[in-house]
Amino acid sequence: MNSETSATEALASASPDSPVAEAAVDLAADPADPAALAAAEAEAARLAAERQAAQEAEDRAAAEREARLQRLMQRIAKHADFASMKDSTRLLQKIARSENAHARALSGAISDDVAMTAKLLRLVNAAFYSSAGGGSITSLQRAVALMGFQTIGMVANSLMLFERLPKGADGNRLRQEFGRAQLAALLAHQFCNSSKQLDGAYLIALFQNLGGMLAGLHFADDMEAIEAALQARELAEGSLAWQEGREKLAREQWGQGLEDIAIEVARQWGWPESVRMGMRTLRPSNLERACSPEEYQRVLCTAANDLAAQLLKLPHSGSPEERAEARKACVERFAAELAVPLGLDPEPMPEAVESVKQVWDDLAQTLGFGAVVAAPAAAGKSSSSSKPAKPGDLATPANKAAPAPAAAAPRPAARPAAANPAMAEALSSALEQLSEMVLSGAAPGQLLQLCMKQMHEALNLQRVIVCLRDASHGGSYLKGRMGLGERATVLAPLFDIPLAPPTELFGLLCSKGADTLISDTADPVIAQRLPAWHRQQVRAGTFVLLPMVAGGQVLGTFYGDRAEAGTLHISERELTLLKTLRNQVVMAMRFGGGKG
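Residues numbered from 1 in each chain as written. Predicted model: local features only at pLDDT ≥ 70, side-chain atom pairs only at ≥ 80, totals over all residues. Heavy atoms only, no water.

J.: Sorry if this is basic, but what is going on with helix H14 (residues 258-269) here?
T.: A turn of α-helix holds 3.6 residues, and therefore any two residues three or four places apart point the same way. In this model, H14 (12 residues) spans 17 Å end to end at C-alpha, consistent with the 16 Å of a helix rising 1.5 Å per residue. Of all 12 residues in H14, 11 are buried; the element is thus mostly enclosed. Taken together, the buried positions of H14 are occupied by Leu258, Glu259, Asp260, Ile261, Ala262, Ile263, Glu264, Val265, Ala266, Gln268 and Trp269. Just beyond H14, the residue with positive phi is Gly270, at close to 85°. (Helix = DSSP H or I, 4+ residues; strand = E, 2+ residues; numbered from the N terminus. Expected span 1.5 Å × (residues − 1). Buried < 20%, exposed > 50% of the residue type's maximum accessible area, 1.4 Å probe, protein only.)

Quick look at the structure:
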């Protein structure tokens, strides 16, 4: 009966509904039938051969996919920037895994990267712990204590990637993608109704489009071809059809989808499996019921990325009220579809999104990824230019209306300054030095001195003067306290700036927190608002003003000038670095009381 036993065992593995299973029933009824036994054995052998062939084909396909993925990773790894980032990531992960690691070790690893410390602190304050730390977390050690090693390391990874994007026009689209990812992360963090998944929601939403950014960075030509094909199909960018089409074209091009690429890179970087799995997009299986706990986070992050894409596609023209109404309508459409699966109350969502947008606008200024969602214009005359101002643009007589009475407002319009690589490099170096001083616990006065010195050198200024709030006047005046450069110590005491109410241009700009470049002080609109002491004794042809404001209170201002009008030019990139320098000092002053 050995042949009968082997046939029965083989048939037992067949599908219950198959003809072979029926034969097994017949065989059980009449095991002595030689013909039935032979037929069953033949069928079992055929099925086994088919299963083996299918398994071998599947194994070959998997091996080919893995081989193509590794070839793709080898192409990525050849880029010097990727290699350096991978080394930085491994260092962060090594520190994070060490049981004996101290927050200072991780802080030191991150602060070795130019400007990383300041940007990371800014991101922590804006996106994570504005309430826990009052927006004044001034050291990475405290940030690590609040966020944990792994989280701070992953957020640092995102900034490292952003820092490696092309600096010129070639990187514009990728910088916008990074900005969209930041907006999605903030939205996911805002909407998340699970305290256990709150920080994870931010990270997963931030990295769900990592594959698109990596491919755009390392395979720019291929990505251009893919996006051109999508445009030819007239698919709306960011739509579900567009995303599915992009994944399909990516697989045809590289044998891997963009999500597969991102997850493999994340694996090599040592990211936790929970984050890697969350990076795969997922839409709700049923719009009429709440998501299950297992699918909630992925659905939330996918929805946040979709909403961010929709918001960033809204028109930038029209009045601030019209743009706000467009955003509200966009959010209401989103809520009508997804409020039930995500367990959200639709009514407060538009207001919540406006709050998120304000945080995002501030991050756009600090990190320099540019703005697409237009912020409400300042009070006063509106710009005659059709091009929307970006967060971080300087107010000048030729590019943005200053927040002044209509009769005194510098006229809008606009030609952005050309980038100055030497200036940007000097400011980046200054920011690195300042970050190290902040980490070492330097006093605010030392930071002011360093910032003043670095501004003087990097911008090649005639002089720099620091004004601080004068407590003897109830905080309603700024007084010049220190200076560097030509006659700076002599002129500093002349800087007596009233804030409440402001009676001249300096007080007006400082009270509004308006970062301002005045190209020509002889312009009649400007000259009539300058104090007499500046016109008669300082006699500078051009100057930059960077107010220090925290929590709605003016702590002071940095002033720097040149003798000849029209000789000082600051691009958006350099302005971002200047603002980051200033913001580091402001946080230190707040933390130390900000006393003048």
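After presenting the structure, the write-up continues.
J.: Sorry if this is basic, but what is going on with the environment of Phe207 here?
T.: Examined against the element boundaries, Phe207 turns out to sit in helix H10 (residues 198-207). The class for Phe207 is buried, based on a relative accessible area of 4%. For Phe207 and Arg280, which are 73 residues apart along the polypeptide, the C-alpha to C-alpha distance reads 9.6 Å. Contacts of Phe207, omitting those with residues within four sequence positions, involve Met154, Ser158, Trp271 and Met279. (Contact = heavy atoms within 4.5 Å.)

J.: How do you make sense of the packing of helix H12 (residues 220-232) against helix H13 (residues 240-254) when you look at a structure like this?
T.: For any two helices packed against each other, the geometry is given by the interaxial angle and the distance between the axes. The geometry of H12 relative to H13 is characterised by a closest axis approach of 10 Å and an angle of 135° between their N-to-C directions. Our classification of the angle between H12 and H13 gives oblique. Taken as a pair, H12 and H13 cross one another with a handedness that is right-handed. Residues Asp222, Met223, Ile226, Glu227, Ala229 and Leu230 of H12 pack against Trp242, Gly245, Arg246, Leu249, Ala250, Gln253 and Trp254 of H13. Of the residues assigned to the contact of H12 with H13, the class counts are eight nonpolar, two polar and three charged. (Axes fitted to C-alpha atoms, helices over the stretch in contact; angles between N-to-C directions. Parallel < 35°, antiparallel > 145°, perpendicular 65-115°, else oblique. Left-handed = near helix turned anticlockwise from the far one by under 90°. Nonpolar A, V, L, I, M, F, W, Y, C, P; charged D, E, K, R; others polar.)

J.: Just checking my understanding: could you explain the side chain of Arg180 for this structure?
T.: Note on placement: Arg180 falls in helix H9 (residues 172-191). The class for Arg180 is buried, based on a relative accessible area of 11%. Non-local contacts of Arg180, meaning those with residues more than four positions away in its chain, are made with Asn209, Asn305, Ala308, Ala309 and Leu312.

J.: Help me out: how do you make sense of the sheet that holds strand S4 (residues 516-518) in this one?
T.: Across a sheet, paired strands are connected by hydrogen bonds in the backbone, their directions being either parallel or antiparallel. Strand order in the open sheet made by the six strands is S3-S2-S1-S6-S5-S4, with antiparallel pairing throughout. Bordering the open sheet on either side are strand S3 (496-498) and S4, each of which pairs with just one other strand. Ignoring which end each strand starts from, the neighbouring axes of this sheet average 20° apart. Sheet topology note: the strand S1 (residues 463-469)/strand S2 (residues 477-485) ladder contains seven bridges and is antiparallel. Considered in S2, the bridge of Val464 is made with Leu484. In the packing of helix H20 (residues 444-458) onto the sheet, contacts are made with S1, S2, strand S5 (542-550) and strand S6 (553-562), and the angle to S2 comes to roughly 55°. In the packing of helix H22 (residues 505-512) onto the sheet, contacts are made with S2, S3, S4, S5 and S6, and the angle to S5 comes to roughly 40°. (Pairing = 2+ DSSP bridges.)

J.: What is the right way to read the pairing of S6 from this model?
T.: Along any regular strand, the residues point their side chains to alternate faces of the sheet. Burial analysis of S6 places nine of its 10 residues in the buried class, which makes it a mostly covered element. Judged from the six bridges that link them, S1 and S6 form a sheet pairing that is antiparallel. Its bridge partner being in S6, Cys467 is matched across the sheet by Thr557. Pairing geometry for S5 and S6, over nine bridges, is antiparallel. Paired with Leu546 across the two strands is Phe558, which belongs to S6.

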